[in-house]
Amino acid sequence: MSGNHFKGHEVSCCIKYFIFGFNILFWLLGMALVGIGLWAWSEKGVLSNISSITDLGGLDPVWLFMVVGGVMFILGFAGCIGALRENTFLLKFFSVFLGIIFFLELTTGVLAFVFKDWIKDQLNLFINNNIRAYRDDIDLQNLIDFTQEYWECCGAFGADDWNLNIYFNCTDGNPSREKCGVPFSCCTKDPAEDVINTQCGYDIRAKPDSEQKDYINVKGCVPQFEKWLQDNLTLVAGIFIGVALLQVSSIHVFNLQNVLEKKTKTKASFCPYLSKCLVLPFHVVFFHPQIFGICLAQNLVSDIEAVRASW
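Note that the structure is a prediction, hence the values are computed from the model and not measured.

Undergrad: How do you make sense of the overall build of the protein when you look at a structure like this?
TA: Scanning the protein from terminus to terminus reveals ten helices and zero strands. In sequence order, the secondary structure elements of the protein are arranged as α-α-α-α-α-α-α-α-α-α. When the accessible surface of the protein is totalled, it reaches about 17,900 Å², and 65% of it is carbon and sulfur.

Undergrad: Sorry, what's going on with unusual backbone geometry here?
TA: Leave glycine aside and you will find that most residues have negative phi; peptide bonds, for their part, are mostly trans. Of note, the phi angle at E152 is positive, near 55 degrees, even though the residue is not glycine. Judged by its relative accessible area of 51%, E152 falls in the exposed class. Here D203, not a glycine, exhibits a phi torsion of approximately 60 degrees, which is positive. With respect to the secondary-structure elements, D203 resides in the loop between α5 (138-151) and α6 (209-212). Of the residues examined, D203 reaches a relative accessible area of 34% and is grouped as partly exposed.

Undergrad: Got a minute to help me understand the packing of aromatic side chains in this structure?
TA: What describes a pair of aromatic rings is the distance from one ring centre to the other and the angle between the planes of the rings. Taken as a whole, this structure holds eleven aromatic pairs when the rule is applied. Their ring planes at 90 degrees and their centres at 5.4 Å tell us that Y150 and W151 sit as a pair that is edge-to-face. By relative accessible area, W151 is classed as partly exposed at 22%. For the ring pair W162 and F168, a centre distance of 5.3 Å and an interplane angle of 65 degrees mean the geometry is edge-to-face. For W162, a relative accessible area of 0% translates into the label buried. Counting every residue linked through ring pairs, the aromatic cluster contains F146, Y150, W151 and F225.

Undergrad: Even after reading the chapter, I still don't get the nonpolar core, so can you show me in this structure?
TA: A general trend in soluble globular proteins is that nonpolar side chains are found buried together. I127, C154, W162, V182, C186 and I216 are the most contacted members of the largest nonpolar core, which has 19 residues in total. Contributions of two or more residues to this core are made by α4 (116-132), α5 and α7 (221-264). Discounting residues that sit within four places of it in the chain, C186 has contacts with Q148, C153, C154, W162, I216 and N217.

Undergrad: I tried to follow the pattern of salt bridges on my own but got confused; where do I start?
TA: Two side chains with opposite charge may pair up if their charged atoms get near one another. Tallying each qualifying case throughout the model produces five salt bridges. Taking the shortest distance from any N to any O, the salt bridge between K16 and E86 comes out at 3.1 Å. One end of the pair, K16, is in helix α1 (residues 13-43); the other, E86, is in the loop between α2 (62-84) and α3 (88-114), and 70 residues separate them in sequence. Judged by relative accessible area, K16 falls into the buried class, the value being 9%. Owing to a relative accessible area of 24%, E86 belongs among the partly exposed residues under this scheme. Taking the shortest distance from any N to any O, the salt bridge between R135 and E178 comes out at 2.2 Å. Of the two residues, R135 is situated in the loop between α4 and α5 and E178 in the loop between α5 and α6; the sequence distance between them amounts to 43 residues. On the basis of relative accessibility, which here comes to 31%, the residue R135 falls in the partly exposed class.

Undergrad: Can you walk me through the state of the cysteines in this structure?
TA: Defined simply, a disulfide is a covalent bond joining two cysteines at their sulfur atoms. One pass over the structure, following the stated rule, counts four disulfides. Each sulfur in the disulfide pair C187 and C200 lies 2.1 Å from the other. Sign of the S-S torsion, about 105 degrees for the bond between C187 and C200, identifies this disulfide as right-handed. Taken together, the residues span a long stretch of sequence, with C187 in the loop between α5 and α6 and C200 in the loop between α5 and α6 at a distance of 13 residues.

Undergrad: I'm lost on α3 in this one. Help?
TA: Each turn of an α-helix holds 3.6 residues, which means side chains three or four residues apart point in the same direction. Here α3 contains 27 residues, and its C-alpha end-to-end distance of 38 Å stays within 8% of the 39 Å for a straight helix at 1.5 Å per residue. Listing the buried residues of α3 in full gives T88, L90, L91, F94, S95, F97, L98, F102 and A112.

Conventions we followed
Within each chain, residues carry numbers counting from 1 in the order of the written sequence. Residue-level local features of this predicted model are given only where pLDDT is at least 70; pairs of side-chain atoms are given and counted only at 80 or more, and the full residue set underlies all totals for whole chains, interfaces and linings. For the side-chain quantities, the full set of heavy atoms in the structure was used; hydrogens and water were omitted. In DSSP terms, a helix is any run of H or I states spanning at least four residues, a strand is any run of E spanning at least two, and both are numbered starting from the N terminus. Note that accessible areas follow from Shrake-Rupley with a 1.4 Å probe, and for residues the cover is restricted to the protein chains shown. Only protein chains enter the calculation, and the probe is 1.4 Å; a residue is then buried if its accessible area is under 20% of its type maximum, exposed if over 50%, and partly exposed in between. In this analysis, rings of Phe, Tyr and Trp, with Trp reduced to its six-membered ring, are considered paired at centre separations within 6.5 Å, and the interplanar angle assigns stacked below 30 degrees, edge-to-face beyond 60, and tilted for intermediate values. Among buried residues, the Ala, Val, Leu, Ile, Met, Phe, Trp, Tyr and Cys ones that are joined through side-chain atoms within 4.5 Å form a nonpolar core. Whether two residues are in contact is decided by their heavy atoms: any pair within 4.5 Å suffices. Should a side-chain nitrogen of Lys or Arg be within 4 Å of a carboxyl oxygen of Asp or Glu, the pair is scored as a salt bridge. Our working definition of a disulfide is a cysteine sulfur pair at a distance within 2.5 Å. Expected helix span is given by 1.5 Å per residue-to-residue step, counting one fewer step than there are residues.

Laid out in structure tokens, this is it:
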């Protein structure tokens, strides 16, 4: 070996163990999320009665932990073992899986921009279904309370949507103390109160509409979310699509550079492929690590295949 030239092909140890180290953390985090989900289901008695998973009328937030944790576990396993064992099948699976996730993100962003009315209807249906199941699951209850507090809203389109819940409806046959009320998360916040008044929404909908706004947030969560979309979606979608095109073109440029380097058998640095991936724009690496991961995995696969071809 002389100068910057080398004989034959070699697998970059630096990029190999970079992928391994990153994905083993990803793998462990995925296992932790799945473990938290299983623990939550165990506490709610779901594991002793599996059929109860589908009994809840609304969204069980534990599913978020299970799905996200499961995806992270699979990705982490494929990237970690694929890099360590130089298994091109697992590395290609890792790249394809990341590509699918990125494509789904891009598709979701475009569809959200094009079909705003449909999303509005689906969001209304989703919120109303979860209002019905508000008292059926403590995790769902906490999620709804957090949403209403964060958006400063109440119900899907207003406080009267809580008539859908058997505990809050205003029917004469409702024996609940919460009759004609709303959850405390609908109440306007008093900065002087250090302790949350969980009974602030009792009997509030029995008052005239003109008085309700003094005690609760009268705007619905769908209009509040729609307002946020109108204020931000065009800008966000434009940036997202622009970054996406930049990312896709970056992958093709890096692959072309990889082919040229293989043909000339030159090394640009101690870890050339990691260096190439690190020159991606900061916002690409930070906000869309899928592209960074695909770049690293593809270059490692190329190294492994070149080494095997030279045997």
